[in-house]
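Coordinates in review
In case you want the letters, here they are:
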Amino acid sequence: MPTNFTSGPVRVRVPATSANLGPGFDALGLALALHDDVAAEVTAQGVTVAVAGQGTGELPTDDRHLVVRAMRAAFDVLGGQPPGLSVECVNRIPQARGLGSSSAAIVAGVLLARALVTDGEARLDDSAALRLAAQIEGHPDNVAPCLLGGFTLAWTEPSGARAVSLPVADGVRPMVFVPAERGLTAAARAALPATVPHVDAALNAGRAALLVHALTADPALLLPATVDRLHQDYRAPGMPGTATLVKALREAGVAAVVSGAGPTVLALSDPPEGFEAGTGWQVWRLDPDGRGAQVARGRLGHAERDPVAAGRKS
């Protein structure tokens, strides 16, 4: 069946995400109210990408851009490539900090491509969109909360990624500590051992189960629920500042973890009055995002083109 493209632009708002949340390695994720806005339109030829905000002057502005690459992958599934594309990105999610900037770009690209095909949702439903996004990203822990919103549990079956989204309890108050330095997921994964002691795996299984209860029903249990033995200690030598801040926060009674592969630190409860993170950290209060990715028709408006990180509170 031939692919018919819509006329006019479409836009999508995608949230930042924090994966792992301590013990939920490659499985648990949380959507946060810090958003990228991306718009796209089918054109007669060529590919143009305009970038404002985070990554300006660094990210590619052609077919190499991750949003376009994700769009291309989705168009292949949807039945055909458009003659050309015009893409506009307003990025507020910090790049390479452990807040899901790549997953946001991938989810944005998949959903934009679907919206630009007249029967796109019939050809690529939400379950298929999640599978495709996870395939592009390599794992579903960030793309799931970005797409679905809320607190997500993701897993992979032979047919691909699946996920469920759960509402976050009112007492969960995320705060992120964002350093100037960047991290690379590949380097962080390379620091992990091929095997771990059975006792550590067992501990993480119990704490991950407890974390589901703590995040959805009883935030008072967040500190014990965020204990991890699978990945954070192994990654600590490559992120000494992150490890030091996580340790200081936890010793102060705060449920703090490495956000994704780092180097950002995520706290799920308030630090005590007078707590100082030290120099070099931007500290933002970010509410949980319960909506996930939102698609609409039309170009980006004036407010959506503002690269200031709307939703964050210092």
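That block above? That's the structure.
Throughout what follows, the structure given in this document is the object of discussion. (Residues numbered from 1 in each chain as written. Predicted model: local features only at pLDDT ≥ 70, side-chain atom pairs only at ≥ 80, totals over all residues. Heavy atoms only, no water.)

A separate point is the overall build of the protein. Along its length, the protein carries ten helices and eleven strands. Each principal axis of the C-alpha distribution contributes one length, and for the protein these read about 60 × 40 × 35 Å. A separation of at least 24 residues holds for 75% of the contacts in the protein among residues at least 6 apart in sequence. When the accessible surface of the protein is split by element, carbon and sulfur atoms take 54% of a total near 13,400 Å². (Helix = DSSP H or I, 4+ residues; strand = E, 2+ residues; numbered from the N terminus. Contact = heavy atoms within 4.5 Å. Areas by Shrake-Rupley, 256 points an atom, 1.4 Å probe, with all protein chains shown as cover.)

Let us now look at the nonpolar core. Judged by nonpolar contacts, the single largest core of 70 residues is most densely connected at M71, V87 and V107. For this core, the element with the most residues is helix α2 (residues 101–115), which contributes ten residues. Every residue in contact with M71, bar those within four places of it in the chain, is listed here: A40, L85, V87, G109, L112, A113 and L116. Residues F177, V254, V265 and A267 belong to the second largest nonpolar core, which totals twelve residues. (Core = buried A, V, L, I, M, F, W, Y, C linked by side-chain atoms within 4.5 Å. Buried < 20%, exposed > 50% of the residue type's maximum accessible area, 1.4 Å probe, protein only.)

For the second largest pocket, the calculated volume is near 260 Å³. D228, Q232, D233, V246 and R250 are the residues nearest the centre of the second largest pocket, which is lined by 17 residues in total. Sorting the residues of the lining of the second largest pocket by element identifies α9 (232–235), α10 (240–251) and β8 (256–258) as the ones contributing at least two each. A per-element tally of the lining of the second largest pocket places α10 first, with six residues. Grouping the amino acids of the lining of the second largest pocket by side-chain chemistry returns seven nonpolar, three polar and seven charged. (1 Å grid on protein atoms, 1.4 Å probe; cavity = no way out; pocket = protein on both sides within 12 Å on 5 of 7 lines; lining within 4 Å. Points joined across faces, edges and corners; volume = space filled by probe spheres on them. Nonpolar A, V, L, I, M, F, W, Y, C, P; charged D, E, K, R; others polar.)

Let's shift gears to the environment of V14. Looking at the secondary structure, you find V14 in strand β1 (residues 10–19). Residue classification places V14 among the buried positions, given a relative accessible area of 0%. Between the C-alpha atoms of V14 and L300, which are 286 residues apart in sequence, the distance is 13 Å. If we ignore the near neighbours within four places in the chain, the residues touching V14 are L34, H35, D36, I93, A104, V107, A108, C146 and A293.

Within the structure shown, the criterion is met by 15 salt bridges. When the shortest N-O distance is used, the salt bridge between R11 and E304 registers 3.3 Å. Separated by 293 residues along the polypeptide, R11 in strand β1 and E304 in the segment after β11 (294–297) bring together distant segments of the chain. The exposure class assigned to E304 is buried, which follows from its relative accessible area of 18%. Measuring nitrogen to oxygen at the nearest pair gives 3.1 Å for the salt bridge that ties D63 to R72. By relative accessible area, R72 is classed as partly exposed at 21%. Where salt bridges share partners, they join R13, D37 and R92 into one cluster. (Salt bridge = Lys/Arg side-chain N within 4 Å of Asp/Glu carboxyl O.)

Turning our attention to the sheet that holds strand β10 (residues 281–285). One open sheet accounts for four strands, arranged β8-β9-β7-β10; its pairing is antiparallel. Every other strand in the sheet has two partners, leaving β8 and β10 as the edge strands with one partner each. Here the strands of the sheet are splayed against their neighbours by 20° on average, with no regard to which way each runs. Inspection of the sheet shows strand β7 (residues 175–179) paired to β10 by five bridges, in the antiparallel sense. Of the residues in β10, the one forming a bridge with V176 is W284. Running at roughly 165° to β8, α10 makes contact with β7, β8, β9 (265–267) and β10 of the sheet. (Pairing = 2+ DSSP bridges. Axes fitted to C-alpha atoms, helices over the stretch in contact; angles between N-to-C directions.)

Let us look at the pairing of strand β5 (residues 151–157). Relative to β5, strand β2 (residues 28–43) runs antiparallel, the two sharing three bridges. When the bridges of β5 are listed, L30 appears paired with F151. The sheet contact formed by β5 and strand β6 (residues 160–166) spans seven bridges and is antiparallel. Residue W155 lies in a different strand from β6, and its bridge partner there is R162. Adjacent in sequence and paired antiparallel, β5 and β6 are bridged by two residues.

This paragraph deals with the packing of aromatic side chains. For the structure shown, the criterion picks out one aromatic pair. A ring pair is formed by F5 and F75, whose centres lie 5.7 Å apart and whose planes are at 80°; its orientation type is edge-to-face. Note that F5 is positioned in the segment before β1 and F75 in helix α1 (residues 66–78), a separation of 70 residues in sequence. (Phe/Tyr/Trp six-rings, centres within 6.5 Å; stacked < 30°, edge-to-face > 60°.)

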